[in-house]
Amino acid sequence: MAASSQPPNPITQSADYPPARSAAVRRGRQLEYITLAWNSAEGVAALVAGLLAGSIALVGFGLDSIIEISSGAILLWRLRAEADPQRRERVERRAQRLVGLSFLALAAYVAFDSIKGLMLHDAPRESLFGIGIAVAALIAMPLLARAKRQIARQLKSGAMRADSRQSDFCAYLSAILLGGLLLNALLGWWWADPVAALVMVPLIAREGVEGLRGEGCCD
Ligand SMILES: [Zn+2]
């Protein structure tokens, strides 16, 4: 008698489900849980540090964490839909579009934020805590992005690939944050941070459009 008390695992239930794919899905979920945990901490820390220091750039960085969290949550939803191939395809397309929308939200926010910074002549304000957060993200995010890209290739998932780009952009934004602080401290270039962020806007928006079109997986 099969008196198993464990709930059936929808992913491995199917006899013909490839074990390598099952392992990739598990690893993908781990990466997304790391994303949620990291960005919750990063978001709260950056928002608090940014509001205390009155730094638009740091608050923007914290808001980006919220977008990364939503992208991670979308991917967890996508990775749960593995058992049924038809449902998987449907969820994959929807997840990729939703991550695309989250990129457009990010692009709109960064554009608004940097134009506001330029108009208000807002010099990036230093916050040691903020610098610490940005350095941590600069080191961790490229590693996380690379691990996600590997899983995206294994699963042929454009949604996962798009989510890996969210982690990349987090690293770019932290580099801009640090570069802006440095240039302001050394050369008094208060505008370096908003101008660099503005340059990123079309790149971020392109990711969003690719996501909405369902392009950009794994070649
Ligand atoms: Zn981030």
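Counting starts from 1 at the beginning of each chain's written sequence and moves along it residue by residue. With the structure being a predicted model, the display of local features is reserved for residues of pLDDT at least 70 and the display and counting of side-chain atom pairs for 80 or more, all residues being used for whole-chain, interface and lining totals. Each side-chain value is derived from all of the structure's non-hydrogen atoms; neither hydrogens nor water enter the calculation.

Chemist: Any chance you could break down the overall build of the protein chain for me, citing the residues and the numbers?
Modeler: Numbering of helices and strands starts at the N terminus; helices are DSSP runs of H or I of at least 4 residues and strands are runs of E of at least 2. When its secondary structure is counted, the protein chain shows 6 helices and 0 strands. Put simply, the protein chain runs from its N terminus to its C terminus through helices and strands in the order α-α-α-α-α-α. Think of it in three bands: residues with accessible area under 20% of the maximum for their type are buried, residues over 50% are exposed, and the middle band is partly exposed, with areas taken using a 1.4 Å probe on protein chains only. Across the 219 residues of the protein chain, 47% fall into the buried class. Put simply, of all contacts in the protein chain between residues at least 6 apart along the chain, 78% involve residues at least 24 apart. We get accessible surface area from the Shrake-Rupley algorithm with a probe of 1.4 Å; when it comes to residues, only the shown protein chains can shield them. Accessible surface computed for the protein chain: about 11100 Å², of which carbon and sulfur atoms make up 64%. Charge convention: Lys and Arg are scored as positive, Asp and Glu as negative, and His as well as the terminal groups of each chain are ignored. A charge is said to be at NZ when it belongs to Lys, at CZ for Arg, at CG for Asp and at CD for Glu. One way to put it: in the protein chain the 23 positive side-chain charges average out to a point 7 Å from where the 19 negative ones average out. The contact rule is simple, with two residues in contact once any of their heavy atoms fall within 4.5 Å.

Chemist: Give me the lowdown on the packing of helix H2 (residues 56-80) against helix H4 (residues 128-155), citing residues and values where you can.
Modeler: It is the contact of H2 with H4, at a shortest axis distance of 13 Å, that shows an interaxial angle of 25°. In terms of axis orientation, H2 runs roughly parallel to H4. Read as a crossing pair, H2 and H4 show a hand that is left-handed. Of H4, the residues touching H2 (which contributes Leu58, Phe61, Glu68 and Leu79) are Gly130, Ile133, Ala137, Met141 and Leu155. Looking at the contact of H2 with H4 residue by residue, the classes come out as 7 nonpolar, 1 polar and 1 charged. Axis geometry follows a simple rule: fit a line to the C-alpha atoms, using only the stretch in contact for helices, then measure angles between N-to-C directions, giving values from 0 to 180 degrees. In this scheme, roughly parallel covers angles under 35 degrees and roughly antiparallel covers those over 145, while 65 to 115 is roughly perpendicular and the rest are oblique. Working rule for handedness: look at the near helix, and if it is turned counterclockwise from the far one by less than a right angle, call the crossing left-handed; if clockwise, right-handed. Each residue gets one label: Ala, Val, Leu, Ile, Met, Phe, Trp, Tyr, Cys and Pro are nonpolar, Asp, Glu, Lys and Arg are charged, and the others, such as Gly, are polar.

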